[in-house]
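# Fold and contact review
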Amino acid sequence: MGSSFHDQLVTIRDKRHSKDHPFFELWARGELTKKQTAIYCIQHYHYVGDYLNWMAYEASQIPYRDVKTYLFENLGDEENPEDRHLDMLTDYVVACGLKRESVEQAVVLAGTEALQNWGWRMVYQQPWQAALAGMFIGLESQFLDICKKVVPALHRHYGYQPSAREIRFFEEHIGADEIHGAKGFAMVEKYCTTTDLQQQALKAVEEAAIRRWRFMNGIYWFALHGREDDTPPISS
């Protein structure tokens, strides 16, 4: 008996799940400095800024009310004017000792830019069903497991008390992403009604996971070794 479409989506995402990246392994063990964790948040800020625009674009294109509602609810949570998620990220960066303006002014690493550009190609060129799979299963659904790994480390190794304002970005995503992730899977499973759409969705999830892993590679090399790209050194 073959595996279900849902199980195939999970399996292909988990082949390159960023929770298993060495950067998060070091963070979970408390072996990163606060500044190094802030470097991750700065790059995540620049990636998420584009991700929100992908959602807005797809919401403008998709004709089905339940999908539109889901996208606008998700977008509303992210852009809540009382406490935007991008502001939560910035507050964590500041708590790590960096200046607030450093978030906007930071170099956008090559892996981050590649993820941004890939996302725009996906929403413009792929069927919306596949684009949603890439966004919500290939990318967003990963963050729940990442936060489950990072939050205990923030308490144990970095001196933050549970519910501290500085780490609310990570703590609040555990609850919110349980809901968003389940709805994302449901939408993809509901509207990928043909074998061709299912295959395109699986491909989008695979590509999303690979590009998020490469995004993490860039952060690892920059945060730990100060390298903005992977240009090989020339021996003298």
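Since this is a predicted model, take the numbers as computed values, not measurements. (Residues numbered from 1 in each chain as written. Predicted model: local features only at pLDDT ≥ 70, side-chain atom pairs only at ≥ 80, totals over all residues. Heavy atoms only, no water.)

### Brief notes about the packing of aromatic side chains
- Applying the stated criterion across every chain, the model contains 24 aromatic pairs.
- Relative to Tyr51, the ring of Tyr47 lies with its centre 6.0 Å away and its plane at 75 degrees, an arrangement referred to as edge-to-face. One end of the pair, Tyr47, and the other, Tyr51, are both in helix H3 (residues 34–61), four residues apart, so they sit about a helical turn from each other. In this structure, Tyr47 and Tyr51 share a single accessibility class: buried.
- Taken together, the ring pairs connect Phe23, Phe24, Trp27, Tyr40, Tyr92, Phe143, Tyr160, Phe169 and Phe170 into an aromatic cluster.
- The side chain of Arg227 reaches across the aromatic face of Trp221, ending 5.1 Å from its centre. (Phe/Tyr/Trp six-rings, centres within 6.5 Å; stacked < 30°, edge-to-face > 60°. Helix = DSSP H or I, 4+ residues; strand = E, 2+ residues; numbered from the N terminus. Buried < 20%, exposed > 50% of the residue type's maximum accessible area, 1.4 Å probe, protein only. Lys NZ or Arg CZ within 6 Å of the ring centre and 35° of its normal.)

### Points about the environment of Asp230
- Note that Asp230 resides in the segment after helix H10 (195–225).
- On the basis of relative accessibility, which here comes to 64%, the residue Asp230 falls in the exposed class.
- When the C-alpha positions of Asp230 and Ala110 are compared, they lie 9.2 Å apart, and in sequence the two are 120 residues distant.

### Description of helix H8 (residues 128–156)
- Counted at 1.5 Å a residue, the expected span for H8 with its 29 residues is 42 Å, and the 41 Å between its end C-alpha atoms agrees.
- Within H8, the axis deviates most sharply at Ile146, by approximately 25 degrees.
- Counting buried positions along H8 gives 23 out of 29 residues, so the element sits mostly inside the fold. (Expected span 1.5 Å × (residues − 1). Bend = angle between axes of the 7 residues up to and from the residue.)

### What about the side chain of His17?
- Along the chain, His17 falls in the loop between helix H1 (5–14) and helix H2 (22–28).
- Beyond its immediate chain neighbours, meaning those up to four positions away, His17 contacts Gln142, Asp145 and Trp213. (Contact = heavy atoms within 4.5 Å.)

### Some thoughts on the nonpolar core
- Phe23, Trp27, Tyr40 and Phe170 are the most contacted members of the largest nonpolar core, which totals 75 residues.
- Other than its neighbours up to four places away in sequence, Phe23 contacts Leu32, Gln36, Thr37, Tyr40, Met216, Ile219, Tyr220, Ala223 and Leu224. (Core = buried A, V, L, I, M, F, W, Y, C linked by side-chain atoms within 4.5 Å.)

Take it as geometry only, folks, not as evidence of what the structure does.
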